[in-house]
Amino acid sequence: MGIDGVDRALVRAFCLWFWLAAAPAEACRLALALGFDVSSSVDAADYALQRDGLIAALRQPEIRAAFLEPEAPVALAVFEWGGRRRQIMVADWTLIETESDLDGIIAAVARQHGLQQWEPTAIGAALIYARDLFDRAPDCAMQTLDMSGDGRNNDWLEPRRVYEREDFGSILVNGLAIGGHESDIAAYYAANVIRGPGAFVEVAESHEDFPRAIRRKLERELASPVFGQIRAMEDRG
């Protein structure tokens with residue numbers, strides 16, 4: 001049975017009150033790492049759509065307001081990944097406390113031009129890179145990894161094998177599956193890449209649809225953690 005409108009509002013209000021009461025006044029509420037596929041299937045035009053789509057999302061007033069919610073800041077990091085040995089830090093962990101902090105991330109993303117050589121798709125290696133990245137993240141209430149890509153793993157360990165052999169603790173892994181290159185890529189991400197309670201796959205029908213999808217994905221990930229759990233419960237109910 002689903003939650004009706006009145007009960008849902010009451011649950012949200014109670015959960016938000018409880019979370020705010022339990023969290024330290026200056027606590028970081030979320031460490032969010034964004035990982036972007038720059039393997040060979042991502043050509044120059046695709047890359048520009050990804051880069052510019054993220055920049056546009058980070059400039060949206062609603063997204064900026066979600067980062068700058070008064071109760072606690074978000075820590076943000078951005079990286080690119082290709083083959084097993086190619087992961088590139090675009091913007092290291094930054095505690096987003098002001099508009100200038102977000103503008104600094106945007107400037108770092110704008111300077112990137114992608115990988116200029118053949119690169120396979122090593123999702124498993126990118127997951128391990130991200131896991132190590134979280135080891136030095138600010139102390140936040142939650143940790144979320146956002147993995148975007150348009151193809152299946154074809155280099156080194158499959159994602160599920162990585163999860164079996166590596167300790168990812170409480171890191172939630174969401175996916176943004178980009179269509180147009182491989183069939184059923186969303187199903188592959190759902191079965192192999194995402195992990196953790198409430199994890200989800202956002203779908204971009206093609207790279208042209210990426211700007212909409214990354215904005216929608218950030219909106220969901222930046223919602224207060226308890227709101228995200230309630231939303232997952234609503235989707236199931």
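A short tour of the structure in this document, coming up. Bear in mind that the values here come from a model prediction, so they are computed numbers and not experimental data. (Residues numbered from 1 in each chain as written. Predicted model: local features only at pLDDT ≥ 70, side-chain atom pairs only at ≥ 80, totals over all residues. Heavy atoms only, no water.)

1. Things to note about empty space enclosed by the protein
In this structure the tally under the stated criterion is one cavity of 30 Å³ or more. Taken together, the residues of the lining of the largest cavity sort by class into six nonpolar, two polar and two charged. (1 Å grid on protein atoms, 1.4 Å probe; cavity = no way out; pocket = protein on both sides within 12 Å on 5 of 7 lines; lining within 4 Å. Points joined across faces, edges and corners; volume = space filled by probe spheres on them. Nonpolar A, V, L, I, M, F, W, Y, C, P; charged D, E, K, R; others polar.)

2. Things to note about the packing of aromatic side chains
The full count for this structure, using the stated rule, is five aromatic pairs. Taken together, a centroid distance of 6.0 Å and an interplanar angle of 65 degrees make the contact between Phe-36 and Phe-210 edge-to-face. Here Phe-36, found in strand 1 (residues 30–37), pairs with Phe-210, found in helix 8 (residues 210–222); they are 174 residues apart in sequence, far enough to count as distant. Both residues of the pair, Phe-36 and Phe-210, belong to the buried class. Considering the side-chain rings of Tyr-188 and Tyr-189, the 6.3 Å spacing of their centres and the 65 degrees angle between planes classify their relative orientation as edge-to-face. For Tyr-188, a relative accessible area of 10% translates into the label buried. Over the aromatic face of Phe-168 sits the side chain of Arg-131, whose NZ or CZ is 5.9 Å from the ring centroid. (Phe/Tyr/Trp six-rings, centres within 6.5 Å; stacked < 30°, edge-to-face > 60°. Helix = DSSP H or I, 4+ residues; strand = E, 2+ residues; numbered from the N terminus. Buried < 20%, exposed > 50% of the residue type's maximum accessible area, 1.4 Å probe, protein only. Lys NZ or Arg CZ within 6 Å of the ring centre and 35° of its normal.)

3. Concerning the pairing of strand 1
Burial within strand 1 is extensive, with eight of its eight residues counted as buried. Taking every second residue as pointing to the same face, both faces of strand 1 are buried, with Leu-30, Leu-32, Leu-34 and Phe-36 on one and Ala-31, Ala-33, Gly-35 and Asp-37 on the other. Both strand 1 and strand 4 (residues 143–149) contribute to a ladder of six bridges, which runs parallel. Bridge pairing in strand 4 places Ala-31 opposite Gln-143. (Pairing = 2+ DSSP bridges.)

4. With respect to the sheet that holds strand 6 (residues 201–204)
Taken in spatial order, the six strands make up an open sheet running 3-2-1-4-5-6, and their pairing is mixed. Looking at the sheet topology across the chains shown, the edges are occupied by strand 3 (87–96) and strand 6. Put simply, the sheet's adjacent strands are angled 15 degrees from each other on average, direction ignored. Running at roughly 160 degrees to strand 6, helix 8 makes contact with strand 1, strand 2 (74–81), strand 4, strand 5 (172–178) and strand 6 of the sheet. (Axes fitted to C-alpha atoms, helices over the stretch in contact; angles between N-to-C directions. Contact = heavy atoms within 4.5 Å.)

5. Description of the state of the cysteines
This structure, assessed with the given rule, holds one disulfide. Across the disulfide, Cys-28 is cross-linked to Cys-140 (sulfur-sulfur distance 2.0 Å). One disulfide, between Cys-28 and Cys-140, carries an S-S torsion of 80 degrees and so falls in the right-handed class. Of this pair, Cys-28 sits in the loop between helix 1 (5–22) and strand 1 while Cys-140 sits in the loop between helix 5 (123–135) and strand 4, placing them 112 residues apart in sequence. The pair formed by Cys-28 and Cys-140 is uniform in burial state, with each residue classed as buried. (Disulfide = S-S within 2.5 Å.)

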